[in-house]
Amino acid sequence: MALESRITQEEIKKEPEKPIDREKTCPLLLRVFTTNSGRHHRADEFARGNVPSSELQIYTWMDATLKELTSLVKEVYPEARKKGTHFSFAIVYPDPRGKVYRLKDIGNTVSGRKGADDSMTLQSQRFQIGDYLDIAITPPNRAPPLNARMRPF
């Protein structure tokens with residue numbers, strides 16, 4: 001007799017995340033790739049063992065928020081500290097069906113402003129150790145590019 005799960009995405013999101021004791025839990029190495037063009041890297045730039053050259057290595061935990069990661073990136077890139085700078089986050093992960101990588105948009109933050117995605121964690125977005133994080137940085141003097149969630153029609 002086969003059993004079928006009836007758990008919905010909403011129920012999964014409602015599950016409380018297990019708190020991580022940062023004193024007792026070893027941090028993970030998060031490989032972050034950034035662009036200043038406002039667009040994410042293409043998935044094929046991660047193919048065949050290659051990665052883009054703009055890599056940051058951050059030691060952090062699975063409960064790291066997008067706002068926390070934004071502040072770490074701003075420490076390295078002074079030009080990203082300007083108020084109104086947009087940060088668009090995507091997880092880059094290997095496709096289990098092939099030898100290609102996929103990008104999954106997970107959220108946005110804006111320097112100097114509070115936003116809905118600020119408290120989103122890597123864990124809540126199903127980040128797995130070994131995945132990459134791609135951050136598209138858009139300066140405040142340029143409008144962020146339209147993505148699928150922001151289409152004008």
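Predicted, not measured: the structure shown is a model, and the values here were computed from it.

Taken together, five strands build an open sheet; the order of strands is 2-1-5-3-4 and the sheet is mixed. Each end of this open sheet is capped by a strand with a single partner; those strands are strand 2 (55-60) and strand 4 (101-110). With strand direction ignored, the average angle separating the axes of adjacent strands in the sheet is 30°. Here helix 2 (residues 66-76) sits on the sheet in contact with strand 1 (28-35), strand 2, strand 3 (86-94), strand 4 and strand 5 (132-138), set at roughly 85° to strand 4.

Now for unusual backbone geometry. Its identity as a non-glycine residue notwithstanding, Arg 126 has a phi of 65°, on the positive side. Looking at where Arg 126 falls in the secondary structure, it is placed in the loop between strand 4 and strand 5.

Burial in helix 2 covers these residues: Leu 66, Leu 69, Thr 70, Val 73 and Lys 74. Down the axis of helix 2, the smallest arc covering the buried residues is 145°, so these residues share one side.

As paired strands, strand 3 and strand 4 are joined by nine bridges and run antiparallel to one another. Along strand 4, the bridge assignment pairs Ile 91 with Lys 104. Between strand 3 and strand 4, which pair antiparallel one after the other, the connecting turn spans six residues. Where strand 3 and strand 5 come together, seven bridges link them in antiparallel fashion. Bridging across to strand 5, Phe 87 finds its partner in Ile 137.

Here we come to the packing of aromatic side chains. Under the definition given, this model contains five aromatic pairs. Ring geometry for Phe 33 versus Phe 46: centroids 5.4 Å apart, planes at 80°, classification edge-to-face. Of this pair, Phe 33 sits in strand 1 while Phe 46 sits in the loop between strand 1 and strand 2, and the two are 13 residues apart along the sequence. Taken individually, Phe 33 and Phe 46 each receive the classification buried, so the pair is uniform in this respect. These aromatic residues form a ring-pair network of at least three members: Phe 33, Phe 46, Tyr 101 and Tyr 132.

By secondary structure assignment, the location of Pro 19 is in the loop between helix 1 (9-14) and strand 1. When the C-alpha atoms of Pro 19 and Met 62 are compared, they prove to be 9.7 Å apart, with 43 residues separating the residues in sequence.

How each quantity is defined
Residues numbered from 1 in each chain as written. Predicted model: local features only at pLDDT ≥ 70, side-chain atom pairs only at ≥ 80, totals over all residues. Heavy atoms only, no water. Pairing = 2+ DSSP bridges. Helix = DSSP H or I, 4+ residues; strand = E, 2+ residues; numbered from the N terminus. Axes fitted to C-alpha atoms, helices over the stretch in contact; angles between N-to-C directions. Contact = heavy atoms within 4.5 Å. Buried < 20%, exposed > 50% of the residue type's maximum accessible area, 1.4 Å probe, protein only. Arc of directions from axis to C-beta. Phe/Tyr/Trp six-rings, centres within 6.5 Å; stacked < 30°, edge-to-face > 60°.

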